[in-house]
Amino acid sequence: MEVTIKGRPLSTVGDLPKVGEDIPHFKLFDKDNQRVKTRELFGKVTLFNVVPDINTPVCSTQTRKFNRAMEDYPEVNFITVSTNTVAEQRGWCAAAGLDHIHLMSDYEQSFGYALKLLIPDEAQLARSVIIMDENGKIVYEQVVKEQTNEPDYLAVLHALDQLKK
């Protein structure tokens, strides 16, 4: 899949799995640097807010906007994923004054490879949003083609609202 950063084309390691497919197996690391495997997230709808670098303005804005919006969806797991280290993510949370946000690190790039969102030339993930249902099926995906742009928040929230019906 191709994305751009400031108009410069970059490729990910492949094409994102399609809506309706099972989410591939991956592992992430939580704020305590404990491994979290895919199956541990089953049982609840999960929104993956995927950002290239939590320490950049667009990624920070995206994470804060979704964090606020997710207050209206307490039944949904909300996880922000980046390749930043756990320590960098903890530092961002402390600086942002956010203690109840779930940032998970893909510093081993397992999530990025599994979902084909890794941009190897940048060692970062493509900005995207993925919603997984409680059974591990992908029910929504949005990849932001120009990485300096924010996602379409309303489309994501609409997709969550459709799951409630």
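Residues numbered from 1 in each chain as written. Predicted model: local features only at pLDDT ≥ 70, side-chain atom pairs only at ≥ 80, totals over all residues. Heavy atoms only, no water.

Under an unreviewed UniProt entry, the protein has the name Thiol peroxidase and belongs to Candidatus Limosilactobacillus merdipullorum.

A. Expanded view of the overall build of the protein. On a plain count of helices and strands, the protein comes out with 4 helices and 11 strands. In terms of overall size, the protein behaves like a compact globule, its C-alpha atoms giving a radius of gyration of 14 Å where 165 residues would be expected to give roughly 15 Å. Referenced to the eigenvectors of the C-alpha coordinate spread, the extents of the protein come out at roughly 40 × 35 × 30 Å. Across the 165 residues that make up the protein, the buried fraction comes to 52%. The long-range fraction of contacts in the protein, counting pairs at least 24 apart against all pairs at least 6 apart in sequence, stands at 66%. A total of about 8000 Å² of accessible surface is found on the protein, and carbon and sulfur atoms cover 49% of it. (Helix = DSSP H or I, 4+ residues; strand = E, 2+ residues; numbered from the N terminus. Rg over C-alpha atoms; globule rule 2.2 N^0.38 Å. Buried < 20%, exposed > 50% of the residue type's maximum accessible area, 1.4 Å probe, protein only. Contact = heavy atoms within 4.5 Å. Areas by Shrake-Rupley, 256 points an atom, 1.4 Å probe, with all protein chains shown as cover.)

B. Highlighting helix α4 (residues 153-164). For α4, spanning 12 residues, the distance from its first C-alpha to its last is 17 Å, which sits close to the expected 16 Å at 1.5 Å a residue. Buried within α4 we find Y153, V156, L157, A159 and L160. Down the axis of α4, the buried set is contained in an arc of 155°. They therefore lie on one face. If you follow the buried residues of α4, they end up packed against β5 (46-50), α1 (57-69), β10 (128-132) and β11 (138-143). With a side-chain oxygen lying 3.3 Å from the backbone nitrogen of L154, the N-terminal cap of α4 falls on D152. (Expected span 1.5 Å × (residues − 1). Arc of directions from axis to C-beta. Polar contact = N/O pair within 3.5 Å; in protein donor to acceptor, adjacent residues only side chain to side chain.)

C. Spotlight on the environment of Q124. Among the structural elements, Q124 can be located in strand β9 (residues 124-125). Once the C-alpha coordinates of Q124 and V51 are considered, the two residues, 73 residues apart in sequence, prove to be 8.2 Å apart. Q124 has contacts with P52, D53, T83, L117, L118 and I119, leaving out every residue within four places of it along the chain.

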